[in-house]
Amino acid sequence: MRPLFRVTPAAPPTAYRTYQILAPAATHWRAATCAEVDCAAWLRGWSTTVDETTELGGRQAHYIRTGSGRGFAERRTEAGLTVFAFEAGQRCFRAHEHRVQVRPESYLIRPGDWRDLGDPRRVGSARSWVDDFGEHQQRLADHRQRG
């Protein structure tokens with residue numbers, strides 16, 4: 001491995017700030033909506049077939065009709081089964097299983113540069129981090145212009 005080459009800055013380390021974003025491995029999970037995970041049922045709609053002659057099928061049909069809160073069309077097959085056809089764009093019945101990985105980022109600002117880094121200050125949001133970065137860049141440009 002080649003040694004790292006760095007140009008020594010003209011100003012002392014105290015004149016600089018080091019901006020850093022840390023993002024750990026995606027080990028965190030959170031619940032997600034059907035839209036966030038491009039759930040096939042949400043995108044295209046789906047159908048559920050139940051046999052209302054059984055206890056389970058009767059309970060399922062009752063829930064779909066009275067408690068699901070979803071829009072559907074209902075029809076009977078020749079075999080006597082009930083088919084519920086659900087429109088696209090609504091929460092599927094497996095929505096509680098949808099999850100996405102989260103990579104919580106940390107936005108840090110450290111006084112100094114690679115020669116002498118101070119303790120980091122954690123910034124609460126990306127917007128604050130970017131604003132501070134821009135203000136610091138402007139101060140450096142103003143200082144350089146003044147000579």
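Our subject is the structure that appears above.
Right, let's walk through the structure included here. (Residues numbered from 1 in each chain as written. Predicted model: local features only at pLDDT ≥ 70, side-chain atom pairs only at ≥ 80, totals over all residues. Heavy atoms only, no water.)

**Here we look at the overall build of the chain**
Alright, step 1. Scanning the chain from N- to C-terminus turns up three helices and eight strands.
Alright, step 2. Reading the chain from its N end, one meets helices and strands in the order β-β-α-β-α-β-β-β-β-β-α.
Alright, step 3. Computed over its C-alpha atoms, the radius of gyration of the chain comes to 29 Å, more than 25% above the 15 Å expected for a compact globule of 147 residues.
Alright, step 4. The principal-axis extent of the C-alpha atoms belonging to the chain is close to 85 × 35 × 25 Å.
Alright, step 5. In the chain, once contacts between residues fewer than 6 apart in sequence are set aside, the share between residues at least 24 apart is 63%.
Alright, step 6. When the accessible surface of the chain is totalled, it reaches about 10,900 Å², and 52% of it is carbon and sulfur.
Alright, step 7. Placing the 22 positive and 17 negative side-chain charges of the chain at their respective mean positions leaves the two points 7 Å apart. (Helix = DSSP H or I, 4+ residues; strand = E, 2+ residues; numbered from the N terminus. Rg over C-alpha atoms; globule rule 2.2 N^0.38 Å. Contact = heavy atoms within 4.5 Å. Areas by Shrake-Rupley, 256 points an atom, 1.4 Å probe, with all protein chains shown as cover. Lys, Arg positive; Asp, Glu negative; His and termini not counted. Charge placed at Lys NZ, Arg CZ, Asp CG, Glu CD.)

**Some points on helix 2 (residues 55–66)**
Alright, step 1. Its twelve residues place the ends of helix 2 16 Å apart at the C-alpha level, agreeing with the 16 Å of an ideal helix rising 1.5 Å per residue.
Alright, step 2. Turning to helix 2, its buried residues number three or more, namely G57, A61 and I64. For helix 2, the arc enclosing every buried residue in end-on projection is 65°, short of the 170-degree limit, so these residues lie on one face. Summarising the geometry of helix 2, the exposed residues directed more than 90 degrees from the buried face are E55, H62 and T66.
Alright, step 3. Packed against the buried residues of helix 2 are strand 3 (46–50), strand 4 (72–76) and strand 5 (82–86). (Expected span 1.5 Å × (residues − 1). Buried < 20%, exposed > 50% of the residue type's maximum accessible area, 1.4 Å probe, protein only. Arc of directions from axis to C-beta.)

**Things to note about the nonpolar core**
Alright, step 1. Judged by nonpolar contacts, C34, C39, A41, W46, V50, A61, I64, F84, F86, C92 and A95 together constitute the single largest core of eleven residues.
Alright, step 2. Mapped onto this core, the elements with two or more residues apiece are strand 3, helix 2 and strand 5. (Core = buried A, V, L, I, M, F, W, Y, C linked by side-chain atoms within 4.5 Å.)

**Here's the deal with the sheet that holds strand 7 (residues 106–111)**
Alright, step 1. Read from one edge to the other, the open sheet built from three strands follows the order 1-7-8, with strand pairing classed as antiparallel. In this open sheet, the two edge strands, each paired with only one partner strand, are strand 1 (17–22) and strand 8 (121–123). Averaged over neighbouring strand pairs, the angle between their axes works out to 30° when direction is ignored.
Alright, step 2. When strand 7 meets strand 8, the two strands line up antiparallel, connected through three bridges. Among the inter-strand pairings, I109 is bridged to a residue of strand 8, identified as R121. (Pairing = 2+ DSSP bridges. Axes fitted to C-alpha atoms, helices over the stretch in contact; angles between N-to-C directions.)

**A closer look at the side chain of T82**
Alright, step 1. Within the secondary structure, T82 sits in strand 5.
Alright, step 2. A distance of 2.5 Å separates polar atoms of two side chains, one belonging to T82 and the other to E52.
Alright, step 3. At 2.7 Å, the side chain of T82 forms a polar contact with the side chain of R76.
Alright, step 4. If sequence neighbours within four positions are ignored, T82 has contacts with T48, T49, V50, E52, R65, E74, R75 and R76. (Polar contact = N/O pair within 3.5 Å; in protein donor to acceptor, adjacent residues only side chain to side chain.)

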